[in-house]
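# Observations on the three-dimensional arrangement
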Amino acid sequence: AVASKMPIAFAVAKDSTFYHELPQRLKTLFYWWIPDDGFVGAHAKRLFFEETDLEARSRGDYRTASESLTLDKVASPYVKDASH
């Protein structure tokens, strides 16, 4: 946003209903994950960044995408037992 001189503000919706309504009322960026179907009719467009430029990023220039990373969710079947 800074590199493109795009004014931006961050906000947190008070609940999931408002979270789904807000981007449809305003011209705004929003985060959408799958399998959430709340924005199916919103005509959302995916935001793409240029491929990672490690040399530029080492100089503090973050206009290219970060390296790929995998998000994992790990849980133990014993969590409930450990809470007692």
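Only a predicted model underlies this, so the values are computations on that prediction, with no experimental measurement involved. (Residues numbered from 1 in each chain as written. Predicted model: local features only at pLDDT ≥ 70, side-chain atom pairs only at ≥ 80, totals over all residues. Heavy atoms only, no water.)

This part is about the pattern of salt bridges. Oppositely charged side chains may form a pair once their charged atoms are brought near each other. Per the stated rule, a full pass over the model turns up three salt bridges. In this structure, Arg 63 engages Asp 61 in a salt bridge whose closest nitrogen and oxygen atoms are separated by 2.7 Å. Taking the relative accessible area as the measure of exposure, Arg 63 reaches 54% and is therefore exposed. (Salt bridge = Lys/Arg side-chain N within 4 Å of Asp/Glu carboxyl O. Buried < 20%, exposed > 50% of the residue type's maximum accessible area, 1.4 Å probe, protein only.)

When pLDDT is averaged along the protein, the result is 80, and 90% of the positions lie at 70 or above. Averaged pLDDT values for the elements of the protein fall to 64 in helix 3 (residues 79-82) and rise to 90 in helix 2 (residues 54-58). (pLDDT = per-residue confidence, 0-100. Helix = DSSP H or I, 4+ residues; strand = E, 2+ residues; numbered from the N terminus.)

All right, on to the packing of aromatic side chains then. Applying the stated criterion across every chain yields a total of two aromatic pairs. Their ring planes at 70° and their centres at 5.7 Å tell us that Tyr 19 and Phe 39 sit as a pair that is edge-to-face. Placement of the pair is Tyr 19 in helix 1 (residues 16-25) and Phe 39 in the loop between helix 1 and helix 2, with a sequence separation of 20 residues. Look at Phe 39 and you get buried, because its relative accessible area is 0%. (Phe/Tyr/Trp six-rings, centres within 6.5 Å; stacked < 30°, edge-to-face > 60°.)

Residue placement: Thr 64 occurs in the loop between helix 2 and helix 3. Discounting residues that sit within four places of it in the chain, Thr 64 has contacts with Phe 49, Glu 50, Glu 51, Thr 52, Asp 53 and Arg 57. (Contact = heavy atoms within 4.5 Å.)

Our focus in this paragraph is the environment of Glu 21. Note on placement: Glu 21 falls in helix 1. By relative accessible area, Glu 21 is classed as partly exposed at 35%. For the pair formed by Glu 21 and Ala 42, sequence separation is 21 residues and the distance between their alpha carbons is 9.7 Å.

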